[in-house]
Amino acid sequence: MNITRLWVGSLRREDLTLFGTGTALLLASLLINALQPLEISKVVSYALMLLGFTVGSVMVVKGLYRYDYIRYSFTLSFLSVITLLYLFLTLLIEAYGVPQAFAVFLTPLAGASIVGYLHGKLREKGGMLKVGSLRKPDLRRRLRATLYQLDTTMWFFLLFGFLYLTVFMVLPILLVLTYSFTPPAGGGWWSNFYNVLRTVSYVNLNPIVKEWWSVVNLPNGQRLLVVRGVDYGPIINSLIVASVVTVFATALGIVVAFVLARYKFPGHTLLRVLALMPLFNTPFINSFVVKLIWGQDGPISSLIELIFGYKLRLEGYVGVILTQIITFFPIVYLNAYNSFLNVDPSTEEQAENLGAKGFKLFRSVTLPLALPGIAAGAILVFVFSLEDLGAPIVFNAQNLMSYRIFRGFQTATGLISPEIAALGVILLMITLVSFLAIRNYVSMRSYAMISRGGRLSPRVRCPGPLGLLAIYLAVFPVILFAILPQLGVILISLDVLKPYPTATGLDIRIPENPFMYLTKVLSDSTIYSYLLNTFTYAGISVLIAVFLATAVGYSVSRLKIKWLANVLDSLATSPLAIPGLVIALGYYYFFYILANALSYVFPGIYADLSPGPTFKTWVVFIIAFSVRRLPYVVRSVFAGFQQVHENLEEAAMNLGATRIKVVFGVIFPLIVGYILSGALLGFIYMATEVTTSVTFGGMNSAYAPMTYYMAQNIVGAAGQGPMLVAAMGTILIMIQLVVVIIVVYVFKQRYAFIGV
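Note that the coordinates shown come from a computational prediction; the quantities given were computed from them, not determined experimentally.

Our focus in this paragraph is the overall build of the protein chain. Of the regular secondary structure elements, the protein chain holds 34 helices and three strands. Taken against the 2.2 N^0.38 rule, which gives 27 Å for 756 residues, the C-alpha radius of gyration of the protein chain at 28 Å falls within 12% of a compact globule. Taking the principal axes of the C-alpha coordinates as reference, the protein chain spans close to 80 × 80 × 70 Å. Taking all 756 residues of the protein chain together, the buried fraction comes to 52%. Summarising the internal contacts of the protein chain: among those between residues at least 6 apart in sequence, 79% fall at separations of at least 24. With the model as given, the accessible surface of the protein chain reaches about 34,500 Å², and the carbon-plus-sulfur share is 67%.

For the rest of this paragraph, the subject is the environment of Leu-106. Along the chain, Leu-106 turns up in helix α5 (residues 98–134). The exposure class of Leu-106 is buried, given its relative accessible area of 6%. The spatial distance from the C-alpha of Leu-106 to the C-alpha of Leu-25 is 9.3 Å, given a sequence separation of 81 residues. Here Leu-106 is in contact with Thr-83 and Tyr-86, once residues within four sequence places are set aside.

As assigned here, the protein chain comprises domain 1 (3–130), domain 2 (163–170 + 517–582 + 630–746) and domain 3 (198–513). The distance between the C-alpha centroids of domain 1 and domain 2 comes to 43 Å.

Further remarks concern the side chain of Arg-629. Tracing the sequence through the fold places Arg-629 in the loop between α27 (618–628) and α28 (630–643). For Arg-629, which is buried and forms no salt bridge, the nearest opposite charge comes from Glu-689, at a distance of 5.1 Å. With residues up to four places along the chain from it excluded, the contact list for Arg-629 reads Gly-682, Tyr-685, Met-686 and Glu-689.

In this section: the nonpolar core. Membership of the largest hydrophobic core comes to 215 residues, with the highest contact counts inside it found for Ile-235, Phe-340, Tyr-587 and Phe-696. Tyr-587 has contacts with Phe-168, Pro-172, Val-620, Ile-623, Ala-624, Val-627 and Phe-696, leaving out every residue within four places of it along the chain. Counting residues in hydrophobic clusters, the runner-up holds 14 residues, among them Met-59, Val-60, Tyr-69 and Leu-109.

Attention shifts here to the sheet that holds strand β2 (residues 223–227). Read from one edge to the other, the open sheet built from three strands follows the order β1-β2-β3, with strand pairing classed as mixed. The strands lining the two open edges of the sheet, one partner per strand, are β1 (213–217) and β3 (310–314). Here the strands of the sheet are splayed against their neighbours by 25 degrees on average, with no regard to which way each runs. Here β1 runs beside β2; their pairing, made up of five bridges, is antiparallel. When the sheet's bridge partners are listed, Ser-214 is paired in β2 with Val-226.

This part is about the packing of helix α11 (residues 285–293) against helix α13 (residues 316–342). Look at α11 against α13: their axes get within 10 Å of each other, and the N-to-C directions meet at 125 degrees. The pairing of α11 with α13 is recorded here as oblique in orientation. For the element pair α11 and α13, the recorded crossing hand is right-handed. Along the contact surface, α11 presents Asn-286, Ser-287 and Val-290, while α13 presents Leu-322, Thr-323, Ile-326 and Thr-327. Split into classes, the residues belonging to the contact of α11 with α13 amount to three nonpolar, four polar and no charged.

A word on unusual backbone geometry. Even without being a glycine, Glu-94 presents a positive backbone phi close to 55 degrees. Of note, Glu-94 is situated in the loop between α4 (74–93) and α5. On the accessibility criterion, Glu-94 (26% relative accessible area) is partly exposed. Positive phi, close to 65 degrees, is recorded for Asp-495, a residue that is not glycine. Mapped onto the fold, Asp-495 is located in the loop between α21 (484–493) and α22 (516–523).

Relative to the helices and strands, Lys-311 is located in strand β3. A distance of 3.3 Å separates the side chain of Lys-311 from the backbone oxygen of Gln-296, its partner in a polar contact. Setting aside residues no more than four positions away along its own chain, Lys-311 makes contact with Leu-218, Gln-222, Arg-223, Leu-224, Leu-225, Gln-296, Asp-297, Ser-301 and Glu-305.

Before going further, it helps to examine a nonpolar patch on the surface. Residues Leu-171, Leu-174, Leu-177, Phe-181, Trp-189, Trp-190 and Tyr-194 make up a contiguous nonpolar surface patch of about 710 Å² in total accessible area. Assignment of secondary structure puts Trp-190 in the loop between α7 (152–180) and α8 (191–198). Of the residues examined, Trp-190 reaches a relative accessible area of 45% and is grouped as partly exposed.

Let us look at the packing of aromatic side chains. For the structure on display, the rule yields 43 aromatic pairs. In this structure, Arg-223 is placed above the aromatic ring of Tyr-310, and the distance from its NZ or CZ to the ring centre is 4.2 Å. Positioned over the ring face of Phe-395 is Lys-291, at 6.0 Å from the centre of the ring.

What follows concerns the confidence of the model for the protein chain. Scored by pLDDT, the protein chain comes out at a mean of 85, with 90% of its residues at no less than 70. At the level of individual helices and strands, the protein chain shows its lowest average pLDDT in helix α6 (residues 139–149), which scores 63, and its highest in α27, which scores 95. In this model, residues 1–9 is a region of pLDDT below 50 whose contacts with residues beyond four sequence positions or in other chains number 17 contacts. Per-residue pLDDT stays below 50 along residues 450–456; that stretch engages in six contacts with residues further than four places along the chain or on separate chains.

Moving on to the environment of Ala-545. Position of Ala-545 relative to the elements: it lies in helix α23 (residues 525–558). For the pair Ala-545 and Gly-682, spaced 137 residues apart in sequence, the C-alpha separation works out to 8.3 Å. Not counting residues up to four positions away in its chain, the partners in contact with Ala-545 are Ser-626, Leu-630, Val-633 and Met-686.

With that settled, the discussion passes to the pattern of salt bridges. Tallying each qualifying case throughout the model produces 14 salt bridges. In this structure, Glu-315 engages Arg-228 in a salt bridge whose closest nitrogen and oxygen atoms are separated by 3.3 Å. You can see Glu-315 sitting in the loop between β3 and α13 and its partner Arg-228 sitting in the loop between β2 and α9 (234–262), a full 87 residues away along the chain. Owing to a relative accessible area of 25%, Glu-315 belongs among the partly exposed residues under this scheme.

Looking now at the environment of Phe-157. Residue placement: Phe-157 occurs in helix α7. In this structure, the C-alpha to C-alpha distance between Phe-157 and Gln-720, residues 563 residues apart in sequence, is 49 Å. When neighbours within four sequence positions are excluded, Phe-157 is seen to be in contact with Ala-551, Tyr-554, Ser-555, Ile-660, Val-663 and Phe-664.

Below, the discussion takes up the packing of helix α14 (residues 345–353) against helix α15 (residues 358–369). In helix packing, the relevant descriptors are the interaxial angle and the interaxial distance, both defined with respect to the helix axes. At a minimum axis separation of 10 Å, α14 and α15 run at an interaxial angle of 160 degrees. Here α15 runs roughly antiparallel to α14, going by the angle between their axes. Crossing geometry of α14 relative to α15 is assigned as right-handed. Across from Thr-347, Glu-348, Ala-351 and Glu-352 in α14, the residues of α15 making contact are Leu-361, Val-365, Thr-366 and Leu-369. A breakdown of the residues in the contact of α14 with α15 according to their chemical character gives four nonpolar, two polar and two charged.

Reading the values: rules and limits
Residues numbered from 1 in each chain as written. Predicted model: local features only at pLDDT ≥ 70, side-chain atom pairs only at ≥ 80, totals over all residues. Heavy atoms only, no water. Helix = DSSP H or I, 4+ residues; strand = E, 2+ residues; numbered from the N terminus. Rg over C-alpha atoms; globule rule 2.2 N^0.38 Å. Buried < 20%, exposed > 50% of the residue type's maximum accessible area, 1.4 Å probe, protein only. Contact = heavy atoms within 4.5 Å. Areas by Shrake-Rupley, 256 points an atom, 1.4 Å probe, with all protein chains shown as cover. Domains from an automatic or database assignment. Lys, Arg positive; Asp, Glu negative; His and termini not counted. Salt bridge = Lys/Arg side-chain N within 4 Å of Asp/Glu carboxyl O. Core = buried A, V, L, I, M, F, W, Y, C linked by side-chain atoms within 4.5 Å. Pairing = 2+ DSSP bridges. Axes fitted to C-alpha atoms, helices over the stretch in contact; angles between N-to-C directions. Parallel < 35°, antiparallel > 145°, perpendicular 65-115°, else oblique. Left-handed = near helix turned anticlockwise from the far one by under 90°. Nonpolar A, V, L, I, M, F, W, Y, C, P; charged D, E, K, R; others polar. Polar contact = N/O pair within 3.5 Å; in protein donor to acceptor, adjacent residues only side chain to side chain. Patch = residues over 30% accessible without salt bridge, like charges linked within 9 Å, V, L, I, M, F, W, Y side chains within 5 Å. Phe/Tyr/Trp six-rings, centres within 6.5 Å; stacked < 30°, edge-to-face > 60°. Lys NZ or Arg CZ within 6 Å of the ring centre and 35° of its normal. pLDDT = per-residue confidence, 0-100.

Pasting the structure below:
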């Protein structure tokens, strides 16, 4: 088969047949929706969806459509993944009307994708069975080798890794799932999920106010354009926000990464440094600065008024979207930048020799080869957007899943309702399905390059006049705009930028004592205690995470039992795909049950472990930090173990050294740079953790970390609160800057987010 013919550029007759069938079904669904009552049109549309799925499946089975058309097409394969996710969500919320009609249109492609994928897997399985029957390995030899590997140290590493992650991650999630089925009074076991997925308080496809903007006439005669978005209920709102953020953050990250990876120009290093600044996490206060800049009296509003005669104010879901795009696009940029650097230059040169130039070369060769890194960054953005609490709290976007779950912790009775647990399960299901879909999409394609690394330098050239113009007039301004929140945080902490704008705009003045708020944060015992709590918890959690990462990393890199190593590896990296709010919910139920169980033996322990005003929440924070930020540590440690050849430790063991002595006495000194860089990155992400800190911090503020204090003092935005929060944000920025410098320039590690 000529793979070059399976290219995205032109639709084949088979593609036209497939999409033509979908179009006919779409028109039929829209016609039924217009002529029949809602209930009848929904049933008929479901029948049309089944018909479309069947047609797509039959086309593949009968050979009328080849699954390879989808598999080897960048566009069709990506479209098939989006189709499956859309159909999953449509069925989940029982969408109707135009959304359901569009789902009908996509069902032929879904049928062809699923049946083609399964058919290919069955053929691969059959081929493997035939090969396996020819060469059957000696079972006794395999068992002997396995038992030789599983000595005391390896057993300890495996058991410690599995037990810690099972008890403090898997079990809490299972408790959330269990409590979500607790029926309300007079309801069934399914009632909570029905309320979350089928009632207008969570899913409202027909909102009363359909305008996402409005014009307000101010008393002084000015006109104010308020852009807020449309409220479709927490589930739809969250999906819309996360999808829009992912699309724009991915597009922006790809553009910035490609420019920095492929072009050299004056200011290249400066642009690369500036593009990293939005990653410096300053919870809550960065969203506050975005709200300030895009507020009614901010500079953007003044510019819009000068040009169009309207003042502008962003609020609600639009404000959340803008903040998250600015905050999360560097995740895609870092992953895409590394991917573009790893693309084999000779592959692109061969494509150029065959006539591919410019955008066609980028679309057909460069982008598909860089897809694993880009997809990894995109799915992380999607998950982080869904679980984000900072922007929704600052912009008061209460109808998002993350905000609803957060409010579920703040009940008058102190008990979290099973309905909130059901909402947490839905949030977890959406993130896991999206994560697995993108991961399978990436894994079903081949990205191998024959001569990767055969050239000392990547394809880097100087842009032409038009290219320079685009870089300086488009890319640079966008990056400068993206770092405004971090600059605003520093300026507010120095009392240069006042957090309360005047009628004439932002209030910027040179203060007499610019370090007043930084000094107060470090000298006021009440405020300083939050900093001390944070760094204490993060320090202890890092030590636990390093030891856990050592156990997991060594087991995964050395264990020959592949399925066992893969399970442990998946457990260690899965916190990336699990929303922190779901883990927080799980810890609430976990410690509630634990306190009740232990109270029979130790009566006085109930008050210390049960969620409430006397809860010693420091236990939760240490455990949560070590679990939630473990992937950042374990990947760095695992990379270190991969750099040390097994022959080195085998030689040491042949000379009489035990495995525990080999790990900590021989290998550890060789990978200390990897361990320290992972520990430092883990530390800064632990110190800026939000979801567990905010949800449990309010139970007993004496043990609360700094992000809880930041949330409490930014919501009302009164008095010195924003300035003190900004001072904390500045301290975090300085710490993160030092960590990045150490990781990149001292340990020579590449600063990047983890791929899928």
